[in-house]
Amino acid sequence: MTKTEIVPTDAGDARITWAAAKKPWAVLAVSHGAGGGIEARDLVALAAALPARDVTVALVEQPWRVAGKKVAPAPKTLDTGWRGLWPALAAPGLPVIAGGRSAGARVACRTATELGAAAVLALSFPLHPPGRPESSRAAELLGTGVPTLVVQGGNDPFGRPEEFPDGPHTLVEVPYGDHGFAVPKRAPLTQEEAVEVIVREVTTWVTSLR
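Please read these numbers as outputs of a predicted model, since none were measured by experiment.

Colleague: I'm lost on the sheet that holds strand β2 (residues 12–19) in this one. Help?
Modeller: Neighbouring strands of a sheet are bound in pairs by backbone hydrogen bonds; such pairs are parallel or else antiparallel. Here we have 8 strands laid out as an open sheet, ordered β1-β2-β4-β3-β5-β6-β7-β8, and mixed in their pairing. Unpaired on one side and paired on the other, β1 (2–9) and β8 (170–174) mark the two borders of the sheet. Going across the sheet, the axis of each strand differs from the next one's by a mean of 20 degrees, ignoring polarity. Direction of pairing for strand β6 (residues 119–123) relative to strand β7 (residues 148–153): parallel, over a ladder of 4 bridges. Counted as the bridge partner of A122 is V150 from β7. Its contacts with the sheet place helix α6 (residues 191–208) against β4 (55–61), β5 (96–101), β6, β7 and β8, and it is angled at close to 170 degrees to β7.

The following block contains the structure:
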């Protein structure tokens, strides 16, 4: 069962698309990155799979996307939108796992402790801008204060798995995946298999939180 909800925030109207489980024990709230929306392959796959494992998935669209803008605002504004959405995400009275892909993952990391997130799911965490490893955002990831799973493509130009620092988070690799988890045609696994890796690893981790 899916439904859509418009949520006013101080950054503008946001939108939540709910993929509801019949008897949920948690909500996984995941937002998009700066270059795309909730149609990203990983978000779509998780919304399709997790309700069957008793986890409701909330696909979150930040106000700038709802307004039809092409460029994401500053991180501070993204955080404002996420904070404004949080009461709606927590309304079912269940633990909320904060998550997102790329810029959305950064927002979830920065606000996890403040908002009382049960855990953080960071999909394609942008550890640094492409070609600029000196501009690290590792502090955001290391400072979540809650159980954190990073799912990273093996060829992600924003940070390959081996570039990540040691820390309290768990990191799993999607072999050959780029920042959008796309894999080359010559890779020894198909695109479908790459997405299956994401779903399997996230499902296993989320289930372990129960």
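Colleague: Just to check I follow, could you spell out helix α1 (residues 41–49) for this structure?
Modeller: An α-helix turns once per 3.6 residues; consequently, residues spaced three or four apart project the same way. For α1, the full list of buried residues reads D42, L43, A45, L46 and A47. Of the surrounding secondary structure, the elements contacted by the buried residues of α1 are β2, β3 (26–31), β4, β5, β6 and α6.

Colleague: Any chance you could explain the packing of α1 against α6 here in plain terms?
Modeller: Relative orientation and spacing of two packed helices are given, respectively, by the angle between their axes and the distance between those axes. For the pair α1 and α6, interaxial distance at closest approach is 10 Å and the crossing angle is 55 degrees. In terms of axis orientation, α1 runs oblique to α6. Note that α1 runs across α6; the crossing there is right-handed. Judged by residue contacts, R41, D42, A45, L46 and A49 of α1 engage Q191, V195, I198, V199 and V202 from α6.

Colleague: Teacher, can you tell me more about the pairing of β5 here?
Modeller: The two faces of the sheet receive side chains in turn, since in a regular strand these alternate between them. Most of β5 is tucked away: 6 of the 6 residues are buried. Residues V96, A98 and G100 of β5 are buried on one face, and the alternating residues I97, G99 and R101, pointing to the opposite face, are buried as well. When β5 meets β6, the two strands line up parallel, connected through 5 bridges. Counterpart to A98 in the pairing with β6 is V120.

Conventions used here
- Residues numbered from 1 in each chain as written.
- Predicted model: local features only at pLDDT ≥ 70, side-chain atom pairs only at ≥ 80, totals over all residues.
- Heavy atoms only, no water.
- Pairing = 2+ DSSP bridges.
- Helix = DSSP H or I, 4+ residues; strand = E, 2+ residues; numbered from the N terminus.
- Axes fitted to C-alpha atoms, helices over the stretch in contact; angles between N-to-C directions.
- Contact = heavy atoms within 4.5 Å.
- Buried < 20%, exposed > 50% of the residue type's maximum accessible area, 1.4 Å probe, protein only.
- Parallel < 35°, antiparallel > 145°, perpendicular 65-115°, else oblique.
- Left-handed = near helix turned anticlockwise from the far one by under 90°.

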